[in-house]
Amino acid sequence: MSYEETVQYLFNSTPVFEHVGAQAYKEGLSNTHLLDKHFGHPHTQFKTIHVAGTNGKGSCSHTLAAILQQEGYRVGLYTSPHLVDFRERIRINGEMISEQYVIDFVAQERSFFEPLHPSFFELTTALAFKYFAEQQVDIAIIEVGLGGRLDCTNIITPLLSIITNISLDHTQFLGDTLAKIAYEKAGIIKENVPVVVGETVPETRPVFEATAKEKSAPIEFAEDIPFFSAHTTASTKGIAYSDTPFGTIIGELMGDYQVKNANTVLHACVKLIQLGIIKEEQSIVKGFANVTATTGLMGRWQQLADHPLTVCDTGHNLGGWQYLSKQIKSAAKGETHIVFGMVDDKDLDAVLALLPQNAHFYWTQPSSHRAFPVEKVAEEALAIGLKGTQYPTVLAAYEAAKAAASPDDFIFIGGSSYVVSDLLSAHTRTD
């Protein structure tokens, strides 16, 4: 099979959460343990950092990878979902896993894994761990897929666990209260392994404290000790973090939500210094300043054009949109144009309520099978006074927004990771 055929095989022969939602969710780690045993327990052959949370996992994971690369390590990075190419999920020092490795893995191992009927994520995790071990990474940043306790990444015993924050998302799997979701995320806390928690609310903090006590895991709440004062800096197109333990840091990643992520990452860095992993403070400064070029991160308040200012962002749930809605309002100088779609396991009405009333809307639907039909998005929006035009694809909606916008206007594209995926995929084809 070619690479394209191999990826289609993976998508079509295994349940893929991005495509079918709940049907792809497999509770328990039995398949994970069978795959891990078959490949010789590869996850034991390199050091790891485990990152869970509702929002911010990707940004924190990529920033830490950039810092550790600056330190000189060979760094594995396992994240999800991808935006343009499946191989974005599995990287070493920013380089995606090769197409040939993916082809060979499926060709050589399908006779073993097909009878197991693994989920797409179970199989992809096994592929990542095998690849990292064979490529002899020094350390890997492993992002949790869903939850934590029963996530198939949770066979690792990391040097450090990180939980960014908790908000109501994936409630059909993780529970319908913040405390229940926190319990699932806290499942990554291991015996005697330090844990950094970025943000809490009154319902979640006791859950983390109890789990950490039970596991004798030293716990630190980053929000208790803000490490800086922050302000945007137009001259460097970044966020300046002043008075950190490492001096002034310019964070390349834009987006108001990155301020909380940065505090979490800096607390993690202090732990990694204590563990002897980070030895040079300049690695932290350089890592923050060069995340996208170093790791390949996309879709986090990513600027696509200057005139009109055009930004896409993968924020896709209520927690993320509580930051995005404020930043959209502050970013606009002229008129605001919003290309918007969502998928059906998110709280559409709650997010729509955060959109600015005076924007021009271009309702659409991403190519995911789980997308809310554009007609439903438009109908729900109209019910709260948001008027817009419907477009069958993200690209069509974006082209309409570009045609309508003046040079001083602001265009935002988002609502779902899959909206951003469709947009960036189209950009890749036309570049």
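Just so it is clear, the structure is predicted and the values come from calculations on it, not from any experiment.

1. What to know about the sheet that holds strand β1 (residues 47-52)
Spatial ordering of the open sheet is given by β4-β3-β2-β5-β1-β6-β7-β8, a layout of 8 strands whose pairing is mixed. Two strands lie at the open edges of the sheet, namely β4 (95-96) and β8 (219-221), each paired on one side alone. Relative to β8, strand β7 (residues 195-197) runs parallel, the two being bridged by 3 bridges. Among the inter-strand pairings, valine 196 is bridged to a residue of β8, identified as glutamate 220. Helix α6 (residues 120-134) contacts β2 (75-78), β3 (90-92) and β5 (139-143) of the sheet and is inclined by roughly 15 degrees relative to β3. Packing against the sheet, helix α10 (residues 258-274) makes contact with β1, β6 (160-163), β7 and β8, and its axis sits at approximately 170 degrees to β6.

2. A few points about the nonpolar core
By size, the foremost hydrophobic cluster in this structure holds 36 residues, and its most contacted members are Leu10, Phe86, Ile90 and Phe132. Listing elements by their share of this core, those giving two or more residues are α1 (3-13), β3, α5 (99-113), α6 and β5. It is α6 that provides the largest number of residues to this core, a total of 10 residues. Core analysis: the next-biggest nonpolar cluster, separate from the first, contains 33 residues, Ile49, Tyr241, Leu272 and Ile278 among them.

3. Looking at unusual backbone geometry
Most of the time, phi is negative for any residue but glycine, and the peptide bond is trans. The omega torsion across serine 80 and proline 81 is -5 degrees, close enough to zero to call that bond cis. Here proline 81 is to be found in the loop between β2 and β3. We note that asparagine 192 has phi near 65 degrees; this positive angle belongs to a residue other than glycine. Tracing the backbone shows asparagine 192 in the loop between α8 (178-185) and β7. Located in the positive-phi region is aspartate 243, a residue other than glycine, with phi close to 65 degrees.

4. Here we look at the environment of tyrosine 78
Inspection of the secondary structure assignment puts tyrosine 78 in strand β2. A sequence separation of 316 residues divides tyrosine 78 from valine 394, and the C-alpha atoms of the two residues are 27 Å apart. The residues touching tyrosine 78, leaving out its near neighbours within four places in the chain, are Arg89, Ile90, Phe121, Thr124, Thr125, Ala128, Phe132, Ile141, Ile142, Glu143 and Thr153.

5. Thoughts on the packing of aromatic side chains
Evaluation of the coordinates by the stated rule reveals 18 aromatic pairs. Centre to centre, the rings of tyrosine 131 and phenylalanine 132 are 6.3 Å apart; their planes meet at 45 degrees, and the pair counts as tilted. The two residues tyrosine 131 and phenylalanine 132 agree in class, both being buried. Here tryptophan 321 and phenylalanine 412 contribute two aromatic rings whose centre-to-centre distance is 5.6 Å and whose plane-to-plane angle is 80 degrees, an arrangement assigned as edge-to-face. Taken together, the positions of tryptophan 321 in helix α13 (residues 318-331) and phenylalanine 412 in strand β17 (residues 410-414) put the pair 91 residues apart, joining distant regions of the chain. Exposure class is identical for tryptophan 321 and phenylalanine 412. Each is buried. The lysine or arginine in question, arginine 87, covers the ring of tyrosine 3, its NZ or CZ lying 5.6 Å from the ring centre.

Reading guide: rules and limits
- Position numbers for residues start from 1 in each chain and track the written sequence from start to end.
- Owing to the predicted nature of the model, reporting of local features is limited to residues with pLDDT of at least 70; listing and counting of side-chain atom pairs is limited to 80 or more, with chain, interface and lining totals taken over all residues.
- To get the side-chain values, all heavy atoms of the structure are used, and hydrogens and water are removed first.
- By definition, two strands form a pair when at least two bridges between them are found by DSSP.
- By definition, any uninterrupted DSSP run of H or I lasting at least four residues is a helix, any uninterrupted run of E lasting at least two residues is a strand, and each is numbered from the N terminus.
- We call two residues in contact whenever any of their non-hydrogen atoms come within 4.5 Å of each other.
- Axis geometry follows a simple rule: fit a line to the C-alpha atoms, using only the stretch in contact for helices, then measure angles between N-to-C directions, giving values from 0 to 180 degrees.
- Nine residue types can take part in a nonpolar core, namely buried Ala, Val, Leu, Ile, Met, Phe, Trp, Tyr and Cys, and a core is a set of them joined through side-chain atoms within 4.5 Å.
- For every residue, the accessible area (1.4 Å probe, protein chains only) is compared with the maximum for its type, and the residue is labelled buried under 20%, exposed over 50%, or partly exposed between those bounds.
- A pair of Phe, Tyr and Trp rings is counted when the ring centres sit within 6.5 Å of each other, with Trp represented by its six-membered ring. The angle between the planes then sorts it: under 30 degrees is stacked, over 60 is edge-to-face, the rest tilted.
- A ring is scored as having a charge over it whenever the NZ atom of a lysine or the CZ atom of an arginine sits within 6 Å of its centre and within 35 degrees of its normal.

Limitation: the analysis is restricted to geometry and does not speak to function.
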